[in-house]
Amino acid sequence: MSRTPLVQLGAVMLKEVRQTVRDRRQMVLLVVAPLIQLVVLGYAVDLDIDRVPTVVVDHDRTVSSRLHVRRLLADGTLVEVARTNDEAAAQRMLELGTATVVLVIPPGFDRALARGDQTQVQVVLDGTNPNRSAVAAASVQRYIATSTVGAGSDLLELLPPLPRIDLATRIRYNPRLETAIFMVPGISAVLLILITMIVTAMGLTREREVGTLEQVLVTPLSPTVIILGKLIPFAVIGLFDFLLALTVGSWLFDVPIRGSLLFLFCVTALYLLTTLSSGLLISTVSTSQQQALLTGFAFILPAILLSGIFTPVMAMPWWLRPLTYINPVRYYAQVIRAVLLKSAGPSELWPHVLALAGFGVFFVIVAANRFRKQLG
Amino acid sequence: MRKLYRFLVRVGALASKETIHIRRDVRTLYMALGLPVVLLLLFGFGVSFDIDSIPLAVVDHDRTRASLELRRTFVASDDFRLVALLDDAEDAEPLFQRGRVMALLVIPPGYERAVAHGETVTVQLVLDGTDANTANMARGKAEGMALGVNLEIVRAATSGVVAGAPLGASIWTRFNPEGRSALFLVPGLIAYILAIVAVLLTSLTVAREWERGSMEQLFATPVGRLEIILGKLLPYLCIGLVAVLMVLTVGAWVFDVPVRGDLTVLAIGSFLFLIGMLGLGLLISVLTRNQLVATQAAFLSSMLPTLLLSNFIFPVENMPTILQWLSRIIPARYYIEVLRGVLLRGNGYAELWPDLLVLLGFSALMITVSAARFTRRLA
């Protein structure tokens, strides 16, 4: 007697798997597409700023002015793309976007420095990308500060030894400050929700559209069995995609796996519970696949962009931050990053796991209830 | 002449048929119009790299007036926010793992004495490097602060002899002097949101007709392939244009994005970009005939490239050569160039004509290819 539901569940799952496998394009999209996305994303996301194109306008044209320019460009943050005498032409390059920095050295620069007079170089920045212009400005300022200390050093030697604070910076978890090993785990979280939620929402809506859901209704299957039979195959695909992403991530992008994989696997299952059941919920409130897709998107896009994956949560305004606490993607992204990079475990991450479990149970109950009501 | 008239009548009839479809599904219409504005508001406020206060933990082994002074310097600047004062650096470990702190400042014992004796003291700063961008910012800010403290000490010790630095720099930032992320991100967001909505709207329409079997009924009528494509495109183009207007208005009004350049360039650019993305959606729909597959293809071909390869957030110059090359065929890259050019840099036709030309070519290509592929399937 107790075996009947299991047999029924097996039958529904088999039907679902057959249906998915028959459409080879869909199978390809479920497995190959995420892989392509992960690889492209991993290589594309690099927020490091260097090689900022710079136009040098040297009105002084002395050995000293040329030396200072060369030393300023030496660290590679700024790269000279043109040298001109025409300030207007340089500004024009800024307007065209071919250069981001214009460096103007005034006439009499060398003479002023030699006499110990104050002199100023002018730096014009394209502020369109504030991140970039800030880095360029910092690079110039750093050079000025160090060369100033250098200029005064003759004087300093005459004085008694001066106290100095030496700031020793140590960077943990990601000492080379690579963007990829931070982004690839986050992207995996995005891909998982994109695949599982949209596929369930649209797949179930399609069954309703085409009318096959009614045919399943006349069979002796209980709604619980139908739901489980439909969700489990996609959960398996999701877990497979997760392992695939992890393998590619560690192999291609050197993403470390420092924490417990088993723990991460369990948390991923919880996350998938949330994404799959919210897909189910969307299908119960949609009448066409287009509607299901747009509704899914209305939730997925904010969930992704307000998850801290691409931009830090701390950079959001205070009134938006509470919203991130009801975002399952945020919790999962934090867990996957903390486990992989910082070897964190259940003892540090239990609040996140609890939150994810809460979301999962909540969505399953709401979605299953709605689904059952619609069938009954 | 008569031929053209008939062509237009048929396109009109198909367009009004599609309009009826759209009007019947009011939720889709509302979402097509409302989603872009809601998303722009949410992202415009939410998407930013400007972290104003980095959570900092301090281990003060010295606990003197001088060490207190140093702590104050860090916290007073608003760049760092003190969240924990610890006894031991080991205690910071769980805080790092939970993401509660991103920086740890360790002041060694004997700090005050060393400073008073004129010795060099090493103060340790430990940063959470997982988010490389934020870690870089934190390092820059901390180094700036240390430099400031040192200059202060030097100035005090030499009683102002070394105060006036001979070499200075005057920095003038054009186009976005306050360095607001919104000015940079809003144009990109506009392109991103429009691309998604446009492709999602049309990628399903033709596939739906195939799935429901109504395509065969359409074949029984005398309409041609180009007429079907244009008839499907026009209603969505109208929706898209309204969405563009709303998004641009909200962007300019809520986020104070200036409009410095030629608005007609922007109008033409938006129009061409929309046609291109709607055409891409139609092409996907024509090729896949299956709504679920069509959406996945739409993700791959529009959503991700527009997010990643368009200069929206991630600078193209830093990417591997293959991706840089790939980004040249992403229409959003040119549209974002037009948006930033017109809105921020005050550009007009003289600067932006190549971008407009590319957008024109892309939209023409999309319409031609989808019409051409459509016939082959008819046979």
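Parameters at a glance
Residues numbered from 1 in each chain as written. Chains lettered and ligands numbered in written order. Predicted model: local features only at pLDDT ≥ 70, side-chain atom pairs only at ≥ 80, totals over all residues. Heavy atoms only, no water. Helix = DSSP H or I, 4+ residues; strand = E, 2+ residues; numbered from the N terminus. Contact = heavy atoms within 4.5 Å. Areas by Shrake-Rupley, 256 points an atom, 1.4 Å probe, with all protein chains shown as cover. Rg over C-alpha atoms; globule rule 2.2 N^0.38 Å. Buried < 20%, exposed > 50% of the residue type's maximum accessible area, 1.4 Å probe, protein only. Lys, Arg positive; Asp, Glu negative; His and termini not counted. Charge placed at Lys NZ, Arg CZ, Asp CG, Glu CD. Patch = residues over 30% accessible without salt bridge, like charges linked within 9 Å, V, L, I, M, F, W, Y side chains within 5 Å. Salt bridge = Lys/Arg side-chain N within 4 Å of Asp/Glu carboxyl O. Polar contact = N/O pair within 3.5 Å; in protein donor to acceptor, adjacent residues only side chain to side chain. Core = buried A, V, L, I, M, F, W, Y, C linked by side-chain atoms within 4.5 Å. Phe/Tyr/Trp six-rings, centres within 6.5 Å; stacked < 30°, edge-to-face > 60°. Lys NZ or Arg CZ within 6 Å of the ring centre and 35° of its normal. Pairing = 2+ DSSP bridges.

(A) View of the overall build of chain B. Counting its regular elements, chain B contains 15 helices and five strands. Structurally, chain B occupies a C-alpha span of about 100 × 45 × 40 Å along its principal axes. The contacts in chain B between residues at least 6 apart in sequence include a share of 79% that link residues at least 24 apart. Total accessible area computed for chain B in this model is approximately 15900 Å², and 61% of it derives from carbon and sulfur atoms.

(B) Inspection of the overall build of chain A at higher detail. Helix and strand content of chain A: 15 helices and five strands. Radius of gyration (C-alpha) of chain A: 29 Å, far over the 21 Å computed for a compact globule of 376 residues. If you line up chain A on its principal axes, its C-alpha atoms span 100 × 50 × 40 Å. Burial analysis of chain A (376 residues in total) assigns 55% to the buried set. Put simply, 78% of the contacts in chain A that link residues at least 6 apart link residues at least 24 apart. Of the roughly 16500 Å² of accessible surface on chain A, 65% is carried by carbon and sulfur atoms. Charge separation in chain A, taken as the distance between the mean sites of 32 positive and 25 negative side-chain charges, equals 12 Å.

(C) Layout of a nonpolar patch on the surface. Taken together, W318(A), W319(A), L41(B), F45(B), W253(B) and V254(B) make up a surface patch of nonpolar side chains, about 710 Å² in accessible area. Where the nonpolar patch is concerned, the elements lending two or more residues are α2 (26-46) and α10 (225-254) of chain B. Assignment of secondary structure puts V254(B) in helix α10.

(D) Spotlight on the interface of chain A and chain B. Chain A puts 111 residues into the contact, and the matching count from chain B is 116 residues. Our enumeration of links across chain A and chain B arrives at three salt bridges. A salt bridge links E351(B) to R92(A); the shortest N-O distance between them is 2.9 Å. On the surface where chain A and chain B come into contact, there are ten residue pairs in polar contact (both at pLDDT 80 or more).

(E) Summary view of the nonpolar core. The biggest cluster of nonpolar side chains holds 176 residues, and the ones touching the most others in it are F297(A), Y332(A), L40(B), F43(B), I190(B) and L308(B). When residues of this core are assigned to their parent elements, the largest contribution, 19 residues, is made by helix α8 (residues 180-210) of chain A. Not counting the four nearest positions on each side in its chain, L40(B) is found in contact with V186(B), L189(B), I190(B), I193(B), V247(B), V250(B), G251(B) and F255(B). Judged by nonpolar contacts, the second largest core, of 27 residues, contains I171(A), V121(B), A138(B) and A142(B).

(F) A look at the packing of aromatic side chains. The tally for this structure, following the rule as stated, stands at eleven aromatic pairs over all chains. Between Y173(A) and F96(B) the ring centres are 6.2 Å apart and the planes differ by 75°, which places this aromatic pair in the edge-to-face class. Here the residue Y173(A) occupies a position in the loop between β5 (164-172) and α8, and F96(B) occupies one in helix α4 (residues 92-98), the pair thus bridging two chains. Ring geometry for Y192(B) versus F312(B): centroids 5.7 Å apart, planes at 35°, classification tilted. Pair noted here: Y192(B) is in helix α7 (residues 181-203) and F312(B) is in the loop between α12 (291-308) and α13 (321-327), with a separation of 120 residues, a long-range link. What makes F312(B) buried here is its relative accessible area of 1%. Feature note: the residues W319(A), F45(B) and F255(B) constitute an aromatic cluster, connected by ring pairs. The residue whose ring lies beneath R330(A) is Y325(A), and the NZ or CZ to ring-centre distance is 4.8 Å. Sitting over the face of the ring of F182(A), R337(A) holds its NZ or CZ atom 3.6 Å from the ring centroid.

(G) View of the pairing of strand β3 (residues 103-107) of chain B. All names here are of chain B. Where burial is concerned, most of β3 is hidden: five out of the five residues are buried. Side chains A103, L105 and I107 of β3 all project onto a buried face; the interleaved residues L104 and V106 project onto the opposite face, where all are buried too. Pairing of strand β1 (residues 54-60) with β3, which is carried by five bridges, proceeds in the parallel orientation. Looking across to β3, one finds that V58 is bridged to L105. Here β3 pairs with strand β4 (residues 120-128) via four bridges, running antiparallel. Note that in β4 the partner of L104 across the bridge is V126.

(H) Broad picture of unusual backbone geometry. Residues and elements named next belong to chain B. One non-glycine residue, D256, lies in positive phi territory at about 55°. For N311, which is not glycine, the phi dihedral falls at a positive 70°. Inspection of the secondary structure assignment puts N311 in the loop between α12 and α13. In this structure N311 comes out as buried when scored by relative accessible area, which is 16%.

(I) Structural view of the side chain of E207(A). Residue and element names in this part refer to chain A. Of note, E207 is situated in helix α8. Within the local environment of E207, its side chain forms a polar contact with the side chain of K15, the two groups lying 3.0 Å apart. Sequence-distant contacts of E207, defined by excluding residues within four places in its chain, comprise K15, E16, Q19, T212, L213 and K230.

All we've got here are geometric facts, nothing functional implied.
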